[in-house]
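Each chain, written out:
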Amino acid sequence: MDIGVLGTGTVGRALAGKLAATGAQVVIGTRDPAVLPGREDFADWRATSPAVEVGTFAEAAAAAEIAFNATPGHVSLEVLRMAGADNLEGKILVDVSNPLDFSTGMPPSLFVSNTDSLGERIQAQLPGTRVVKSLNTVNASVMVDPRQLADGDHHVFVSGNDQEAKQVVSDLLRDRFGWRNVIDLGDISTARGAEMLMPMWLRLMGSLGTAMFSWRIVT
Ligand SMILES: NC(=O)c1ccc[n+]([C@@H]2O[C@H](COP(=O)([O-])OP(=O)(O)OC[C@H]3O[C@@H](n4cnc5c(N)ncnc54)[C@H](OP(=O)(O)O)[C@@H]3O)[C@@H](O)[C@H]2O)c1
C-alpha cells in the first residue's frame, strides 16, 4: 500500500513510522525536503524509520493511494493546495487535523464549529477526493497504538461521504494500528461533532494531567 503523509510534526511522524513498520511504502510530505532532513529532531526520528521517503507535499500526495492530512488546521487548506487537487483526485484523504485557534492563548478555541467543520471545508475544496475524518480525537501515540490503553477497548470515529472509503480506512485502522472499535458517524458533516470533542479533550487533559486517554462509548 502506498501512503502519503502530509505533515512532519508529531502526528505525521507517528503515522508515517507506524505505516512503514507495517509494510506500507510511505512518503512524508513537507514544504522543503532539502531543509527538513537537516533539522536535528527530524533527523533523529528519520533514523528510527529509514524506509520513509521525504518529498514535497505534492510528491507525497502524488505517490499515495491513501493520503493523510496531518497539518495544523489553520494551514491545512493551504497545504492541500500545495499538495495539488490533481494529485489527490479520486483518492482517499484521511483528515486527522483539528481547527484549533491559538490566537487568544490557551486553551485554544475552534475557528470553525457548530454549522461547519474543517473536514467539510477540506471536502469542499477537494470535491474529487474522498475525505474521511478520523483519529483527531486522540493523541498521536494513541492513534497508532490504541492497545496501550485498556487493551484497545475504546473508540475512534470515521466521518465521510463515501462508504467504501470509510470501510478502507476502518480496515486500515484495525489492521495496521490495532483499533478494535470504529464507529461510523455518517457523512462528512458529522466531522463537526468529532472536531467539537476538542474543547472537552483539552479540559480532560488538564484534569487528568495526561494526554494518554481515549473515548469509550457505552450503550
Ligand atoms: N499532536 C497530537 O497528538 C494531535 C492529536 C490529534 C490531532 N492532531 C492534529 O493533527 C494535526 C497535526 O498535528 P501536529 O502536532 O503534528 O502539528 P505540527 O507539528 O504543528 O505540524 C507540522 C506540519 O505542519 C506544516 N506547517 C506548519 N506551518 C505551515 C505553514 N504555514 N504552511 C505550510 N505548512 C506548514 C509543517 O511543514 P514543514 O514540514 O515544512 O515544517 C509540518 O509538516 C493538527 O491539526 C492537530 O490539531 C494532533
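Note: the structure precedes this text.
A brief look at the structure comes next. (Residues numbered from 1 in each chain as written. Predicted model: local features only at pLDDT ≥ 70, side-chain atom pairs only at ≥ 80, totals over all residues. Heavy atoms only, no water.)

Describing the site of the ligand
And step 1. In the vicinity of the ligand lie 23 residues, with Thr8, Thr30, Arg31, Thr71 and Ala140 positioned nearest.
And step 2. Separating an oxygen atom of the ligand from a side-chain N or O atom of Thr30 is a distance of 2.6 Å.
And step 3. Within the side chain of Arg31, a nitrogen or oxygen atom sits 2.8 Å from an oxygen atom of the ligand.
And step 4. Alone, the ligand offers 910 Å² of accessible surface; in the complex the protein occludes 75% of this.
And step 5. Those elements that provide at least two residues to the shell around the ligand are helix H1 (10-21), helix H4 (73-83) and helix H7 (140-144).
And step 6. Among the elements that take part in the shell around the ligand, H4 stands out by supplying four residues, more than any other.
And step 7. Grouping the amino acids of the shell around the ligand by side-chain chemistry returns ten nonpolar, eleven polar and two charged. (Near = heavy atom within 4 Å. Polar contact = N/O pair within 3.5 Å; in protein donor to acceptor, adjacent residues only side chain to side chain. Areas by Shrake-Rupley, 256 points an atom, 1.4 Å probe, with all protein chains shown as cover. Helix = DSSP H or I, 4+ residues; strand = E, 2+ residues; numbered from the N terminus. Nonpolar A, V, L, I, M, F, W, Y, C, P; charged D, E, K, R; others polar.)

Quick word on the packing of aromatic side chains
And step 1. According to the stated counting rule, one finds two aromatic pairs in the structure shown.
And step 2. Between Phe42 and Trp45, the ring centres sit 5.4 Å apart and the planes meet at 50°, which makes this aromatic pair tilted. Of this pair, Phe42 and Trp45 both sit in helix H2 (residues 40-48), separated by three residues, roughly a single helical turn.
And step 3. Looking at Phe42, the relative accessible area reads 0%, which means it is buried.
And step 4. Ring geometry for Trp201 and Phe213: centres 5.2 Å apart, planes at 25°, overall stacked. One end of the pair, Trp201, is in helix H10 (residues 198-208); the other, Phe213, is in the segment after H10, with twelve residues separating them in the sequence.
And step 5. We classify Trp201 as buried; its relative accessible area is 10%.
And step 6. Given a relative accessible area of 8%, Phe213 falls into the buried group. (Phe/Tyr/Trp six-rings, centres within 6.5 Å; stacked < 30°, edge-to-face > 60°. Buried < 20%, exposed > 50% of the residue type's maximum accessible area, 1.4 Å probe, protein only.)

Observations regarding unusual backbone geometry
And step 1. In this model, Met106 is joined to Pro107 through a cis peptide bond whose omega is -10°.
And step 2. Looking at the secondary structure, you find Pro107 in the loop between strand E6 (100-101) and strand E7 (109-110).
And step 3. Non-glycine residue Leu135 carries a positive phi angle of around 70°.
And step 4. Along the chain, Leu135 turns up in the loop between strand E8 (130-134) and H7.
And step 5. Positive phi is not limited to glycine here, since Ala150 has a value of about 50°.
And step 6. Turning to its location among the elements, Ala150 is positioned in the loop between H7 and strand E9 (155-159).
And step 7. Judged by its relative accessible area of 48%, Ala150 falls in the partly exposed class.

A closer look at the side chain of Arg176
And step 1. Within the fold, Arg176 resides in helix H8 (residues 163-177).
And step 2. A distance of 2.7 Å separates a polar atom in the side chain of Arg176 from the backbone oxygen of Thr22.
And step 3. Contact partners of Arg176, with chain neighbours within four places excluded, come to Met1, Lys18, Leu19, Thr22, Gly23, Ala24 and Asp171. (Contact = heavy atoms within 4.5 Å.)

As for the sheet that holds strand E10 (residues 181-186)
And step 1. A sheet is described by the order of its strands in space; here eight strands give the open sequence E3-E2-E1-E4-E5-E8-E9-E10, paired in mixed fashion. The sheet is open, and its two edges are formed by strand E3 (53-56) and E10, each paired on a single side. If you compare each strand with its neighbour and ignore which way they point, the axes differ by 25° on average.
And step 2. Bridge count between strand E1 (residues 2-6) and strand E2 (residues 25-30): five bridges; the pairing is parallel. Note that in E2 the partner of Asp2 across the bridge is Gln25.
And step 3. Sheet strands touched by helix H6 (residues 118-125): strand E4 (66-69), strand E5 (92-95) and E8. Its angle to E8, the strand with the most contacts, is close to 165°. (Pairing = 2+ DSSP bridges. Axes fitted to C-alpha atoms, helices over the stretch in contact; angles between N-to-C directions.)

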